[in-house]
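Close look at the chain arrangement
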Amino acid sequence: MSASGAVEGDERRRDAERTKAELLAVATEEFARRGLSGARVDEIAARTRTTKRMIYYYYGGKEQLYTAVLEKAYGEIRAAEQAVDVAHMDPVAAIRRLAELTFDHHEAHPSFVRLVGIENTHDAVHIARSPTLSNLAAPALDVIGQILDAGRASGAFVVDADALDVHMLISSFCVFRIANRHTFGALFGRDLADPALREHYRTMVGDLVVAYLTSADPARPPGPAGG
């Protein structure tokens, strides 16, 4: 291949990657707003620099595009968790940082929270079918597991906690705040996403997980891990 041919090939690949990135960004908004059933491939094509035919060429179909959106959304939060240097942090500070990171991510990406809700209405069948998504469970628990091991070794954590329980504790708080903002506000007159309350809730989720791990309770039944 000539040098000019190689350059043209590289440029085509870059154009394809840019197009796919734009497609995923627009599709994320469309699926989060309208759901899998309501989203329209025609609308996604109209909002991007491509055609419906090219969307099917890249992804094969609407459900495959939706799965790619889920893979990207879950991949981003997993990558952010992996970036936390837990090996060089005090375990109490590390678990608080992880909770705050989840809080920040969900606040900055409300579309992720909506996608999680949408996928639950479909019984998580797309997650179950995707090897990429199935393989993203372990990294989330590995990070928490490292922190828990360090905390128990240092004596900071007195509960032999299950990593999945800790993940659930953090996620439930952060997801609820975004997913139920409007219903909670209508019922109780408080906007959970009010900027004036942000630091209060951000601190609160860290306090909750730290209190759970550092407070001994002899009446507490053992968790799934046997601790």
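Residues numbered from 1 in each chain as written. Predicted model: local features only at pLDDT ≥ 70, side-chain atom pairs only at ≥ 80, totals over all residues. Heavy atoms only, no water.

1. Thoughts on the overall build of the chain
The test is simple: Strands are runs of DSSP state E lasting at least 2 residues, helices are runs of H or I lasting at least 4, and numbering of each runs from the N terminus. Classification of residues uses two cut-offs on accessible area relative to the type maximum, computed with a 1.4 Å probe and protein chains only: under 20% is buried, over 50% is exposed, and between them is partly exposed. Contacts are assigned to residue pairs with any non-hydrogen atoms lying within 4.5 Å of each other. All accessible areas in this document rest on Shrake-Rupley with a 1.4 Å probe, and a residue is counted as covered only by the protein chains that are shown.
Summing up its helical and strand segments, the chain has 12 helices and 0 strands in all. Starting at the N terminus and walking to the C terminus, you meet the elements of the chain as α-α-α-α-α-α-α-α-α-α-α-α. Put simply, the chain has 227 residues, and 38% of those count as buried. Across the chain, contacts joining residues at least 24 apart in sequence account for 68% of those joining residues at least 6 apart. Accessible surface for the chain amounts to roughly 12,300 Å². Of this, 56% is attributable to carbon and sulfur atoms.

2. Focus: the pattern of salt bridges
Our working rule: Between Lys or Arg on one side and Asp or Glu on the other, a salt bridge is scored when a side-chain nitrogen of the former is within 4 Å of a carboxyl oxygen of the latter.
This model, assessed by the stated rule, comprises 18 salt bridges. Between Asp 104 and Arg 198 there is a salt bridge; the shortest N-O distance is 2.8 Å. Placement of the pair is Asp 104 in helix H5 (residues 91–108) and Arg 198 in helix H12 (residues 198–214), with a sequence separation of 94 residues. Notably, a salt bridge pairs Asp 104 with Arg 202, separated by 2.8 Å at the nearest N-O pair. Of this pair, Asp 104 sits in helix H5 while Arg 202 sits in helix H12, placing them 98 residues apart in sequence. Its relative accessible area of 21% is what places Asp 104 among the partly exposed residues.

3. Some words on unusual backbone geometry
Positive phi values are uncommon outside glycine, yet Asp 123 reaches one of about 60 degrees. Assignment of secondary structure puts Asp 123 in the loop between helix H6 (110–121) and helix H7 (125–129). Asp 123 gets classed as exposed once you look at its relative accessible area, which sits at 66%. The backbone of Ala 124 sits at a positive phi, close to 55 degrees, despite the residue not being glycine. Along the chain, Ala 124 falls in the loop between H6 and H7. With a relative accessible area of 27%, Ala 124 lands in the partly exposed category.

4. Some words on the packing of H5 against H12
Which entries qualify depends on this criterion: Here an axis means a line fitted to C-alpha atoms, over the contact stretch when the element is a helix, while the angle between two N-to-C directions is reported on a 0 to 180 degree scale. Geometric relationships in this document are graded by angle, where less than 35 degrees denotes roughly parallel, more than 145 denotes roughly antiparallel, 65 to 115 denotes roughly perpendicular, and other angles denote oblique. By convention, the crossing between two helices is left-handed when the near helix turns anticlockwise from the far helix through less than a right angle, and right-handed when the turn is clockwise.
Running from N to C, H5 and H12 point in directions that differ by 140 degrees, and their axes come no closer than 9 Å. The orientation of H5 relative to H12 falls into the category oblique. For H5 against H12, the interelement crossing comes out right-handed. Contacts between H5 and H12 involve Val 92, Ile 95, Arg 96, Arg 97, Ala 99, Glu 100, Phe 103, Asp 104 and Glu 107 from the first element and Arg 198, Tyr 201, Arg 202, Thr 203, Val 205, Gly 206, Asp 207, Val 209, Val 210 and Leu 213 from the second.

5. A few points about the packing of helix H10 (residues 163–179) against H12
For clarity, the threshold we go by: Residues were grouped as follows: Ala, Val, Leu, Ile, Met, Phe, Trp, Tyr, Cys and Pro as nonpolar; Asp, Glu, Lys and Arg as charged; and all remaining residues, including Gly, as polar.
Taken N-terminus to C-terminus, the directions of H10 and H12 make an angle of 160 degrees; their axes are 10 Å apart at the nearest point. Accordingly, the angle class assigned to the pair H10 and H12 is roughly antiparallel. Crossing of H10 over H12 shows right-handed handedness. Taken together, the residues of H12 that come into contact with H10 (itself represented by Val 166, Leu 169, Ile 170, Phe 173, Cys 174 and Arg 177) are Arg 198, Tyr 201, Met 204, Val 205, Leu 208, Val 209, Tyr 212 and Leu 213. Each residue belonging to the contact of H10 with H12 can be placed in one class, and the counts come to 12 nonpolar, no polar and 2 charged.

6. Thoughts on the packing of aromatic side chains
Operational definition: By convention, a stacked pair of Phe, Tyr or Trp rings (six-membered ring in the case of Trp) has centres within 6.5 Å and planes under 30 degrees apart, an edge-to-face pair has planes over 60 apart, and any other such pair is tilted.
Enumeration over the complete set of coordinates arrives at 7 aromatic pairs. With a centroid separation of 5.8 Å and an interplanar angle of 85 degrees, the aromatic rings of Phe 176 and Phe 184 are classed as edge-to-face. You can call Phe 176 partly exposed: its relative accessible area is 39%.

7. Re the environment of Leu 192
Topologically, Leu 192 is positioned in the loop between helix H11 (181–188) and H12. Spatially, the C-alpha atoms of Leu 192 and Ala 179 are 10.0 Å apart, while their sequence positions differ by 13 residues. Those residues within four positions of Leu 192 in sequence are excluded, and the remaining contacts are Phe 176, Arg 177, Phe 184 and Tyr 201.

8. What about the side chain of Arg 177?
Within the element layout of this structure, Arg 177 appears in helix H10. The exposure class assigned to Arg 177 is buried, which follows from its relative accessible area of 4%. Here Arg 177 is in contact with Phe 103, Glu 107, Leu 192, Ala 193, Arg 198 and Tyr 201, once residues within four sequence places are set aside.

9. Looking at H5
Selection criterion: Helices are assigned an expected span. That span is 1.5 Å times one less than the residue count.
Along its 18 residues, H5 runs 25 Å from first to last C-alpha, staying within 8% of the 26 Å computed at 1.5 Å per residue. Where H5 is concerned, the buried positions are Pro 91, Ala 94, Ile 95, Leu 98, Ala 99, Glu 100, Leu 101, Thr 102, Phe 103, His 105 and His 106.

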